[in-house]
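Next come the chains, spelled out residue by residue.
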Amino acid sequence: MMVRFTGGNCLCSLSSFTKIIAVFLLALPLLSQAYVTPKGKRTVTCSSNQTSYDFIIVGGGIAGLALGARLSQRLTTSCILILEAGPDGREEPGIFIPGKKGSTFAGKYDWNLTTTPQVNAANRTVRMTRGKVLGGTSALNLMVWDRGAVADYDAWEQLGNEGWNWDSMMPAMLKVENFTKSADYGSVGVASGGLIQSLVNRVKPAHQAAFTPSMESLGLAFNNESLSGAPNGVSLQPSNIREEDYTRSYSVEYLTGAGSNLVLQLSAQVSKVNFDGDKRTTGVTLADGTVIGATREVILSAGVFQSPALLELSGIGNSDIITAAGVTPLVSLPGVGENLQDHQRVQLNYILPNGSVGFDRLKFNTTFSTEQLALWNAKQPSMFDFTASGYAFMPWSSISNETSASLLALAKANVNNDSSTVLQKQLELYADESIPQIEIIFSDGYTGVKGYPAATDPQFGIETFTLIGGIMHPFARGTVHISSSSVLTPPTINPAYLSSPVDFAALVAIAKYLRKIATTSPMSSQWVTEYEPGPAVDSDASWESYTRNVTSSIFHPVGTCAMLPKADGGVVNKDLKVYGVEGLRVVDASVMPLLISAHIQTAVYGIAEIAADKIVAEWEYLALGKVK
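Peer 1: Is there a simple way to explain unusual backbone geometry in this structure?
Peer 2: When glycine is set aside, most residues are seen to have a negative phi, and most peptide bonds are trans. Looking along the chain, the bond that leaves serine 521 and enters proline 522 is cis, with omega of 5°. Within the secondary structure, proline 522 sits in the loop between α13 (501–518) and β26 (529–532). That bond from glutamate 532 to proline 533 is cis: its omega, 10°, falls within 30 degrees of zero. Looking at the secondary structure, you find proline 533 in the loop between β26 and α14 (540–550).

Peer 1: I would appreciate a short explanation of the environment of valine 346 in the present structure.
Peer 2: Note on placement: valine 346 falls in strand β20 (residues 344–351). What makes valine 346 buried here is its relative accessible area of 0%. As a C-alpha pair, valine 346 and valine 44 span 302 residues in sequence and 53 Å in three-dimensional space. Residues in contact with valine 346, not counting those within four places in the same chain, are Leu467, Ile468, Gly469, Leu507, Ile510, Ala511, Leu514, Thr547, Val550 and Thr551.

Peer 1: For this particular structure, what's the right way to read the pairing of strand β5 (residues 52–58)?
Peer 2: On a regular strand, one side chain projects to one face of the sheet and the next to the other, so that they alternate. In terms of residue burial, β5 counts as a mostly covered element, since 6 of its 7 residues are buried. Where β5 lies against strand β17 (residues 291–300), 6 bridges are found, and the strand directions are parallel. Residue tyrosine 53 lies in a different strand from β17, and its bridge partner there is alanine 294. Relative to strand β6 (residues 80–83), β5 runs parallel, the two being bridged by 4 bridges.

Peer 1: Where do I start with the pairing of strand β21 (residues 390–394) in this structure?
Peer 2: Counting buried residues along β21, 5 of its 5 residues qualify, which places the element largely inside the surrounding structure. On β21, burial covers both faces: Gly390, Ala392 and Met394 on one face and Tyr391 and Phe393 on the other are all buried. Inspection of the sheet shows strand β11 (residues 233–236) paired to β21 by 4 bridges, in the antiparallel sense. In the sheet register, serine 235 faces β21, and the bridge partner there is tyrosine 391.

Peer 1: What is the right way to read the nonpolar core from this model?
Peer 2: By size, the foremost hydrophobic cluster in this structure holds 113 residues, and its most contacted members are Ile56, Val284, Leu311, Ile316 and Leu584. Looking at which element gives the most residues to this core, the answer is helix α15 (residues 601–623), with 11 residues. Ignoring sequence-local partners within four residues, the contact set of isoleucine 56 consists of Leu81, Leu83, Gly283, Val284, Ile292, Gly293, Ala294, Glu297, Val298 and Ile299.

Peer 1: Just checking my understanding: could you explain helix α2 (residues 62–74) for this structure?
Peer 2: Owing to its 3.6 residues per turn, the α-helix brings residues three or four apart onto one side. Between its first and last C-alpha, α2 extends 19 Å over 13 residues, near the 18 Å set by a 1.5 Å rise per residue. Listed in full, the buried residues belonging to α2 are Ile62, Ala63, Gly64, Leu65, Ala66, Leu67, Gly68, Ala69, Arg70, Leu71 and Ser72. Packing partners of the buried residues in α2 comprise β5, β6, β14 (262–265), β17 and α15.

Peer 1: What is the right way to look at the packing of helix α4 (residues 150–158) against helix α5 (residues 166–174) in this model?
Peer 2: In helix packing, the relevant descriptors are the interaxial angle and the interaxial distance, both defined with respect to the helix axes. At a minimum axis distance of 8 Å, the contact between α4 and α5 shows a crossing angle of 120°. For the pair α4 and α5, the contacting residues are Val150, Tyr153, Asp154 and Trp156 in the first and Trp166, Met169 and Met173 in the second. Considered class by class, the residues forming the contact of α4 with α5 number 6 nonpolar, no polar and 1 charged.

Peer 1: Explanation requested: the pattern of salt bridges in the structure shown.
Peer 2: Any two side chains of opposite charge can pair, given that their charged atoms come close. A full pass over the atoms with the stated rule returns 19 salt bridges. Arginine 242 is the partner of aspartate 245 in a salt bridge, and the nearest nitrogen-oxygen pair spans 3.7 Å. Look at aspartate 245 and you get partly exposed, because its relative accessible area is 23%. The partner of glutamate 618 in a salt bridge is lysine 577, and the shortest N-O contact between them spans 3.0 Å. Of this pair, glutamate 618 sits in helix α15 while lysine 577 is found in the loop between β27 (552–553) and β28 (584–586), placing the two residues 41 residues apart along the sequence. Assessed through its relative accessible area of 28%, lysine 577 is described here as partly exposed.

Peer 1: Explanation requested: the state of the cysteines in the structure shown.
Peer 2: Any covalent bond linking the sulfur atoms of two cysteines counts as a disulfide. One pass over the structure, following the stated rule, counts 1 disulfide. Covalently, cysteine 46 is tied to cysteine 79 through a disulfide, its sulfur atoms 2.0 Å apart. Where cysteine 46 bonds to cysteine 79 through sulfur, the torsion about that S-S bond is close to -85°, and the disulfide is left-handed. Here the residue cysteine 46 occupies a position in the loop between β4 (42–43) and β5, and cysteine 79 occupies one in the loop between α2 and β6, the gap between them amounting to 33 residues. One exposure class covers both cysteine 46 and cysteine 79, and it is buried.

Cut-offs and rules
Residues numbered from 1 in each chain as written. Predicted model: local features only at pLDDT ≥ 70, side-chain atom pairs only at ≥ 80, totals over all residues. Heavy atoms only, no water. Helix = DSSP H or I, 4+ residues; strand = E, 2+ residues; numbered from the N terminus. Buried < 20%, exposed > 50% of the residue type's maximum accessible area, 1.4 Å probe, protein only. Contact = heavy atoms within 4.5 Å. Pairing = 2+ DSSP bridges. Core = buried A, V, L, I, M, F, W, Y, C linked by side-chain atoms within 4.5 Å. Expected span 1.5 Å × (residues − 1). Axes fitted to C-alpha atoms, helices over the stretch in contact; angles between N-to-C directions. Nonpolar A, V, L, I, M, F, W, Y, C, P; charged D, E, K, R; others polar. Salt bridge = Lys/Arg side-chain N within 4 Å of Asp/Glu carboxyl O. Disulfide = S-S within 2.5 Å.

Functional significance is not addressed by these values, which are geometric in nature.
Shown next as structure tokens:
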């Protein structure tokens, strides 16, 4: 007897009806995923009008798009749905033109989140820019393409996550990129063949040329292979820009390599994850009430603020917080929304001599801006190419041995045997001279709190540069939690800036050091006046006050769904599975248990690549009828 299935119709002999029904029931799960052709090749048709998919990924940012594309390429008989809350911004000049970086902040492509008033930072609220757009924050960020130290990634494994280390992360990060060779960079730590294009910017302001020799005069060596796992030194960092047309190269590139079994829905905000009585995911509910099923997994890639918020809205987290928000608890998991870490920064700003041409000119000179945009459109070098490229990473001893000893002693006094395993591990990193604790950025144009002069101000039209300094391993631990059962109510974000006396002392030291850089030759010849804070800030008390009034974020929040043992406050295990439920993972920056000494986007791409390997391996294993 032969059985043939054609478009769901069964052609068979009635005498074998009972046997055929049994065969049909056994085959039904496979038929729901794929039709088997006469040649034995499986195909699958996936569309946006389905009510159920094999995998649902919540969030179309770095992790969501990278993960979705990789799953579609390798699980070819599965339907994969990515739900992105924002619109498609690929035709937005503010996104794709590098020199318009920052222009999309606080606009329609931004979640427009803010912190609670920061009691140790002059009671200010701080903007938390996160992308609400296809591509997520990779569509809005400042395109820094770098990596931390080897020990940063090894620390993740040492915290209880087997297999998460430099040796696993580096190949995953390299898989992502296609680096354009440059005389400004060596050959170690970069790769070719990936979907994300990177290069060292061809446009560098003339006054930036003084940055590297000034840092060398202060004892920092030039590092032309800073992405190799040894980032200490002064360097010209790459940016994720496409050489062909000098446009932003970001996570949407993954869609070009995705299979037809990947479905993307935009402007689709998820309000919660759904579970059955056995605490296994069944799908998600959208903000408009639409329910979409998931037969295999739901994966949260909504980012460091929304992923923990969605867990809480779904009943997973600290039961007291969830109950107070009006949500019925499902699983007690106190680590959800805790362990928030972020790179904190201060900055000093300097006015260039008359006749200098800098990035500020694009703001106040319409004719110049129009000319530069015409050059960019003609694919000629232009100020609209520009992204910051002058960076320095260093240990505390680069400021002074006294500063290093003082901060380490203060850190030891604030971390003891009762502290979390994460803080104890961080203390180890803090004492390691091979790991950067400070980042210095030469940023052309104005960045600060005082504000660029208004059009009515006599100083309107000044050209400036900014020296930005940040701490790489902050001891402050903040939180993000829901306060309402509605997903439309933004989560409450408290990064606890400057709550650690270590962080405060460190940022004061950095602020003073930024002035030292500015007054070191040849940088000292590149400016005429310190615009912010100005010469009135010259005592310890005034530096402390200035630091409290200007400390802000470099926009690298991590850790709120930490990959840690549950007993240590973990939310996900080493396979990124949420504790206490089945069929739910988190894949984004929120799983990073400890912040790295670098900007985080390359690490998030690497996490997504490793997550794809884990998920594919598991489902291919299960397809063989084995149990894992």
